[in-house]
Structure formats: structure tokens, C-alpha cells
Amino acid sequence: MVSKKVILTFKKEVVDKPIVCELPKEFDLTFNILEAKILPRREGVLIMELIGEEEKLQKGLDYLIQNNVIVEFVEQKIKRDEEKCYHCGICISVCPPEALVIDDKKTMKVSFYPDRCIACGWCVKVCPVKAMSL
Amino acid sequence: MEEYKVNKTIKQINEKIKRGEAVVINAEEMVDIVKKEGIVDAAKKVDVVTTGTFGTMCSSGAFINFGHTTPRIKAYKAWLNDVPVYAGLAAVDLFIGATSVKEGDPLNKVHPGNFSYGGGHVIEDLIAKKTLELRVEGYGTDCYPRNSFTKKITIRDLSYATLCNPRNACQNYTCAINTSDKTVYTYMGILKPHMANATYSSAGQLSPLLNDPFYLTIAIGTRILLGGGIGYVAFPGTQHNPNVERTERGIVLSAAGTLACIGDMEKMNPAFVRGASILGYGTSLTIGIGIPIPILNEEIAYFTGIGDEDIYVYIEDYGSDYPQNKEKTYGKVSYKQLKSGYIEINGKRISSSPMSSYFEAIEVAETLKSWIKDKKFLLSEPQEKLPQAKKYKPRKYIRDE
Ligand code: SF4
Ligand code: SF4
């Protein structure tokens, strides 16, 4: 079993089609919705964690892409500019999955684990030097 | 009567620095040395302890002079990259305040506001030698006839650029929580309702004035590292108050001492001076300050040897008490506990996170250490003491000698 956190963007043309419901039926995938929103021009964005067998997960993602859903991986989208980050720690309290966390209590360096990120966007908002981007 | 067993002078230490023989360590390393060797031996061995802090300090700003124009103008109103700067000085002198927000910013109209650019960013951009737009309006006088002036400038075009911060390096601070039922966006960060998290802002054992709690060596005229360049303690900072509650080791439990700092911006390093956007609060300046403490005797060794477990802060509610200026606390907590990542209030476990960077504070203390070791930085003789604590007496606060 593997899990992947993805950001799915549904263009106006596909936003009302029942695409996601095929994932558990056809590909045996379970999912966990982290965030869902419909943007003003009726574009939809769904952030979710997909869990299943590696091969099936890949097939599921291919299926989404074939149906004109834009698929992005959270892990690859969330970025920290290492030049800018000065390890203040302000982002820690707003990061629910502890993707930003102080592990080393001696150096107090802020560690960053992109694979834990759920794309909530809070760190982007609070970072005083705009080191985080999504 | 000999007051101390070890007696050194700044002059002697400077001679050692010049000979390349001075023992220089940072305040974190001093904690262990004092623990292992005791204060007398530590004082004999160590000549200078470097301290550091790297945090957001709102009471910061810069004086600049943009040089006379042809024809001349007397600035009445002025902006740098659309950030209003203070022009109520001589014709071409301006003051950039760190918290001045760019004109047209929506502020907190959509709460919490982002405050993406302000005076702190202008100061960072000047130090980074970036190009900024200077816009000046005059009202026209017989000697200064011009009414407006706009020019792209960098710090090199300015005849004078001096960082002049009325209050930096607060001795201690508070630990902030929120007991109300809504999230608050403060200069102490985001505080979630019902005491869901706690924040603090100090370098603790590394912080300059926590290592010299009675201002025995840090004084008016002390040469310091300011923003990666060389600066000076100009005066006590605003709100400097030495006569506050202290622990039995003499450590203050509130902001207490503060420093006004001054330094040449052109020689500063943008890695140590950063414009800050604080969600829902405003703009500010984040800056690194490092202060050397000469170990003149064992009492100073004792004070610099104090660790995070000896330094306490009061927990305050920023949800309602602080905004209403009510004096109430939720007890005390040590920096050791705060740095562990959680604290306990009334039996409730609450996660704690910092606001100022300990990681960069070490960088500051290490930079200052290397300057001294490389003979690039000598210690200055104090010109005059900062306002002193009434209760202080030599040796009075030394414990477990
Ligand atoms: S808030 Fe920004 S600068 Fe501070 S630790 Fe987080 S990413 Fe780094
Ligand atoms: S977007 Fe930022 S705050 Fe949210 S989970 Fe990812 S790293 Fe943490």
C-alpha cells in the first residue's frame, strides 16, 4: 500500500462529471479529502490523499489525467526557499501534520518534510519572509 | 578588600585579542564551561563570551540623507517604494520607520492582512544594494523652490544611511497564549483559541542582556555586531527598566533592559537584516545583534554561564488581557521547557514554538566570535553605564559557587 497527496484541478468542463467516484470502484483506492473548493469561475480544486496499491494508484491517476483533471503532487508543489528561511519557527504552530517542526532542540533548526504536507497553505500566509510557496 | 578572585581589564583582553591569544566562546558554550569548571576557573580561562539574538524588532529605523537636488527641494512628504517615510527633519534628511506600511495596502480590512511590504523591507532592500524609487514632495520656499522629485536610487546614491533603532534586544519577553474563543493574529504569531498553542520570543541563554543582567559590561558606547556590520549601543532603549522583578539569580522576568543601537548601513549584510511581514499585525524589521561580554571577573563568568533552565518568563494571554492592558499571568515557564516544544498550564499540555531564530542567533554569536579571533573586532571601553538596577550589589546574586 502506498499513499500520495494530490491536488486535483477540475476545469469548468469537467467539474460536474462524476470522476472521483470511480477511484474506489475501478481502482480499489481509498481517499481522504483534505480540502475541497469551487473557485469563482466554477473551477474545482480538490486536495486529497489517495491510498492503494502502487500500480492501481498509478492507473487511477492516469484515469484522472485522461479525463482532463489536472493532477499535481503536494510534495512537489510545497517549497521552502532555503536562502530565505531563517528558522524562526513561526510556521510550526500552524502546520497541522508537523511538516515543519523543530526536531533538534539544540540547534533549533526548523526541519521541513514535504511528504507530510497536506497543502493547507498556512505556512505560506504566516512566514514573515515569504520563504514558503505552494 | 579584594572583591573578586579574578580581575581583568578590557585593555588586557584587547592586548590578548591583538596577540591572537584571547579565548573567545559563545554564550551557549559558556554554560557547560561554568558548570564543569566553576566560575573562578571559567573566568581565568575565558576572555570574551559572544552573545546573539536574531528577531523581529519593531522599534527600528534608519536615517538617510538623499543629497541636495538641482534646484533644491525641502522634503515635506516622502516615500521609498511607496512606503511613507518621515520628512519632518532638515531638507533632505529622512527617517524610515520599520513598521511604516506601503501606501494603498489593504491593512487589516480583509483580516488578517498580509502587509507584504513596509519600512523593514525598504531597509533590507537598501542594505542588499537594490534599486528603490524615492519620491519627494516639497511645498516650495525661496531657498528650496522645487515641489517634487522622483529618482531611482540605491544605497550608494545616499550620502548617509545609518540604522538607528530606538529599542532593540529586549532583555527578556513573555510567553503568549490565547484563552479567548477565537484565533488572534498578533506580533507574537498566530495564537489559537482555548490555549491551543504558546509562543515565545527570545534567544534565552544566548541573548545579550540575559547574559549581563545588571549591565555591568554592556553600556553606552559598547561596540557590537549590528545587522552583520559594526554598530554601537547608543543609549538605553525606550522602555528600559532595570528595576523589575528578578529571580534569585538576578535574571529579569520581563522585557526590563533594552538598547538603542546605531550602525552604518552600508557595511551591513542583508543576511542579518530582513524585512518582515507579520500576518494580521504589520511590517517590521528582523535583525541580528551580537554583543561581546568581556569576562572581567568571576561574577561576569557566573552571569554568562546561565542556561535556558535558569531563565523564566511569565505566560500572558494575548486573546484578551494583553490587548486590554490587564496585568494577569498564567504562571512562569523556563526557556528550557519552552524549547522542548510543549509547556503545561493548569495540567493542560500546550505546544510551544518560537518567534525569534535561535539558529541564526548562534550564527550571529559565531560571526562575532570569528571577528574577534581574526583580530578584526576589539572590545570598546564603556563610555557611561546604562541606568542601573537599584538592588544590585557585587556578588549578591551568585548561587552555588
Ligand atoms: S516561518 Fe518562514 S522563515 Fe520562519 S521557519 Fe518557517 S519557513 Fe522558515
Ligand atoms: S502547506 Fe505548509 S502549513 Fe500546511 S501542511 Fe504543508 S507545510 Fe504544513
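Cut-off values and rules
Residues numbered from 1 in each chain as written. Chains lettered and ligands numbered in written order. Predicted model: local features only at pLDDT ≥ 70, side-chain atom pairs only at ≥ 80, totals over all residues. Heavy atoms only, no water. Helix = DSSP H or I, 4+ residues; strand = E, 2+ residues; numbered from the N terminus. Buried < 20%, exposed > 50% of the residue type's maximum accessible area, 1.4 Å probe, protein only. Contact = heavy atoms within 4.5 Å. Areas by Shrake-Rupley, 256 points an atom, 1.4 Å probe, with all protein chains shown as cover. Lys, Arg positive; Asp, Glu negative; His and termini not counted. Charge placed at Lys NZ, Arg CZ, Asp CG, Glu CD. Pairing = 2+ DSSP bridges. Axes fitted to C-alpha atoms, helices over the stretch in contact; angles between N-to-C directions. Core = buried A, V, L, I, M, F, W, Y, C linked by side-chain atoms within 4.5 Å. Domains from an automatic or database assignment. Buried area = accessible area lost by both parts, 1.4 Å probe. Salt bridge = Lys/Arg side-chain N within 4 Å of Asp/Glu carboxyl O. Phe/Tyr/Trp six-rings, centres within 6.5 Å; stacked < 30°, edge-to-face > 60°. Polar contact = N/O pair within 3.5 Å; in protein donor to acceptor, adjacent residues only side chain to side chain. Nonpolar A, V, L, I, M, F, W, Y, C, P; charged D, E, K, R; others polar. Near = heavy atom within 4 Å.

Another aspect to go through is the overall build of chain B. Of the regular secondary structure elements, chain B holds seven helices and 24 strands. Dimensions of chain B, computed from the C-alpha atoms along their principal axes, are close to 70 × 60 × 35 Å. The buried share of chain B, taken over its 401 residues, is 59%. Sequence separation of at least 24 residues holds for 73% of the intrachain contacts in chain B that already meet a minimum separation of 6. When the accessible surface of chain B is summed, it comes to about 16,500 Å², and 50% of that surface belongs to carbon and sulfur atoms. Averaged over its 48 positive side-chain charges, chain B has a centre that lies 1 Å from the centre of its 44 negative ones.

The strands that make up a sheet are held in pairs by hydrogen bonds between backbone atoms, and each pair lies either parallel or antiparallel. Residue and element names in this part refer to chain B. Overall, antiparallel pairing links the four strands, which are arranged β6-β5-β8-β9 in an open sheet. The sheet is open, and its two borders are formed by β6 (83-85) and β9 (148-153), each paired with just one other strand. Put simply, the sheet's adjacent strands are angled 20° from each other on average, direction ignored. For strand β5 (residues 77-80) and strand β8 (residues 132-137), the ladder comprises four bridges, and the chain directions are antiparallel. Paired with K77 across the strands is E137, a residue of β8.

Another point: the nonpolar core. F66, L126 and M265 of chain B are the most contacted members of the largest nonpolar core, which has 145 residues in total. Element by element, the count of residues in this core is highest for helix α2 (residues 27-45) of chain B, at eight residues. Mapping this core onto the domain boundaries places at least three of its residues in each of domain 1 (2-74) and domain 2 (78-133) of chain A. The residues touching M265 of chain B, leaving out its near neighbours within four places in the chain, are A62, I123, L126, I127, I155, A161, T162 and L163 of chain B. Ranked by size, the runner-up nonpolar core spans 19 residues in total, among them L8, V15, I19 and L64 of chain A.

The next subject is the domain arrangement of chain A. Residue and element names in this part refer to chain A. As far as domains go, chain A holds domain 1 (2-74) and domain 2 (78-133). Summarising the inter-unit geometry, the C-alpha centres of domain 1 and domain 2 are found 26 Å apart. Listed per partner, the contact involves six residues of domain 1 and seven residues of domain 2. Taken over both partners, the interface formed by domain 1 and domain 2 buries close to 460 Å², and the fraction arising from carbon and sulfur atoms is 53%. It is K5, L34 and V74 in domain 1 that bury the most area against domain 2; as a group they hold 77% of the surface buried on that side.

Counted by the stated rule, this structure contains 25 salt bridges over all chains. The partner of E43 of chain A in a salt bridge is K11 of chain A, with the nearest N and O atoms 3.2 Å apart. Taken together, the positions of E43 of chain A in the loop between β2 (30-38) and β3 (44-52) and K11 of chain A in the loop between β1 (2-10) and α1 (22-27) put the pair 32 residues apart, joining distant regions of the chain. Classification of E43 of chain A as partly exposed rests on a relative accessible area of 23%. A salt bridge links K339 of chain B to D308 of chain B; the shortest N-O distance between them is 2.7 Å. With K339 of chain B in helix α6 (residues 335-339) and D308 of chain B in the loop between α5 (298-304) and β21 (312-317), this residue pair connects regions lying 31 residues apart in the sequence. Across the pair, exposure class does not vary: K339 of chain B and D308 of chain B are buried alike. Among the charged side chains, a salt-bridge network with shared partners connects K8, K16 and D47 of chain B.

Residues and elements named next belong to chain B. Summarising the sheet, strand β10 (residues 160-168) and strand β17 (residues 259-264) pair through five bridges and their orientation is antiparallel. Residue pairing in the sheet places N165 in a bridge with C261 of β17. Of the strand pairs in this sheet, strand β16 (residues 229-236) and β17 are connected by five bridges, and their pairing is antiparallel. By the bridge assignment, F235 is partnered in β17 with A260.

This part covers the packing of aromatic side chains. Tallied over the entire structure, the rule returns 18 aromatic pairs over all chains. Ring centres 5.4 Å apart and planes at 45° place the aromatic pair F27 of chain A and Y63 of chain A in the tilted group. Taken as a pair, F27 of chain A in helix α1 and Y63 of chain A in helix α2 (residues 54-66) lie far apart in primary sequence, 36 residues in all. For the residue pair F27 of chain A and Y63 of chain A, the accessibility class agrees, reading buried in each case. Cluster of aromatic residues (ring-pair linked, three or more members): Y173, Y187, Y281, Y318 and Y322 of chain B.

Time to look at the interface of chain B and chain A. With 24 residues of chain B at the interface, the matching set in chain A holds 23 residues. Summing the contributions of chain B and of chain A, the shared interface buries around 2,000 Å²; its carbon and sulfur component is 59%. Connecting chain B to chain A are one salt bridge. Counting the contacts that link chain B with chain A gives six residue pairs in polar contact (both at pLDDT 80 or more). Breaking the side of chain B that touches chain A down by element, the ones donating at least two residues are β3 (53-56), β14 (197-200), β18 (273-278), β24 (348-354) and α7 (358-373) of chain B. Looking at the side of chain B that touches chain A, the element that brings in the most residues is β18 of chain B, giving four residues. When grouped by side-chain class, the residues that make up the side of chain B that touches chain A number 10 nonpolar, nine polar and five charged.

The next subject is the site of ligand 1. Around ligand 1 sit C85, Y86, H87, C88, G89, C91, V110, C127, P128, V129 and M132 of chain A, and that is every residue in its neighbourhood. Considered class by class, the residues forming the shell around ligand 1 number nine nonpolar, two polar and no charged.

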